[in-house]
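Chain by chain, the residues:
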Amino acid sequence: MNRFLRTATAGLCLVLMLGAAVPAQAQPTRTLTIRDGKVWIDAQLVPADSLPPSLNLQGVEARLSFTGDARPSLEIGGVLYVLDERRLRQVAG
């Protein structure tokens, strides 16, 4: 009985560990791309009038991939921006 209990406990722990790992892997990958003076979020072009007026994309090429609820930030021309939902926002500071 003691051996059965140890085996069952080990099996349960393995199932719980695998179950906890699956949701993290199941999260979609999101992307932010800056190319040719334009911004794409998840392959959708962000209208120029939705971008912060301070954002100067001249000479900037970037691609950032992330998963989950992350709010990535990036510095462009000495100004810090954060990705909020489906738009870039300048960080006050």
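Residues numbered from 1 in each chain as written. Predicted model: local features only at pLDDT ≥ 70, side-chain atom pairs only at ≥ 80, totals over all residues. Heavy atoms only, no water.

*Asks:* Explanation requested: the packing of aromatic side chains in the structure shown.
*Replies:* Geometrically, a pair of aromatic rings is defined through the distance of the ring centres and the angle of the planes. Summed over the entire model, instances satisfying the criterion amount to 0 aromatic pairs. In this structure, Arg35 packs its charged tip against the face of Trp40, placed 4.6 Å from the ring centre. (Phe/Tyr/Trp six-rings, centres within 6.5 Å; stacked < 30°, edge-to-face > 60°. Lys NZ or Arg CZ within 6 Å of the ring centre and 35° of its normal.)

*Asks:* Would you mind going over the sheet that holds strand S5 (residues 73-76) with me for this structure?
*Replies:* Sheet strands pair via backbone hydrogen bonds, and the direction of the pair is either parallel or antiparallel. Across the sheet, 3 strands lie side by side as S5-S6-S7; this open sheet has antiparallel pairing. Strand pairing shows two members of the sheet lacking a second neighbour, S5 and strand S7 (87-90), which therefore form its edges. The mean angle between the axes of side-by-side strands here comes to 35°, regardless of whether they run parallel or antiparallel. (Pairing = 2+ DSSP bridges. Helix = DSSP H or I, 4+ residues; strand = E, 2+ residues; numbered from the N terminus. Axes fitted to C-alpha atoms, helices over the stretch in contact; angles between N-to-C directions.)

*Asks:* Explain the side chain of Asp84 to me, please; I cannot follow it from the model alone.
*Replies:* The residue Asp84 is located in strand S6 (residues 79-84) in this model. Residue classification places Asp84 among the buried residues on the basis of a relative accessible area of 17%. There is a polar contact of 3.1 Å between the side chain of Asp84 and the side chain of Arg71. Those residues in contact with Asp84 that sit more than four places away from it in its chain are Arg71 and Arg89. (Buried < 20%, exposed > 50% of the residue type's maximum accessible area, 1.4 Å probe, protein only. Polar contact = N/O pair within 3.5 Å; in protein donor to acceptor, adjacent residues only side chain to side chain. Contact = heavy atoms within 4.5 Å.)

*Asks:* I would appreciate a short explanation of the sheet that holds strand S2 (residues 38-41) in the present structure.
*Replies:* On the basis of which strands lie adjacent, the open sheet formed by 4 strands has the order S3-S2-S1-S4 and antiparallel pairing. Only two strands of the sheet have a single partner each, and these edge strands are strand S3 (44-45) and strand S4 (62-67). Note: strand S1 (residues 29-35) against S4, 6 bridges, orientation antiparallel. Counterpart to Leu32 in the pairing with S4 is Leu64.

Any functional reading would require information beyond the geometric quantities listed.
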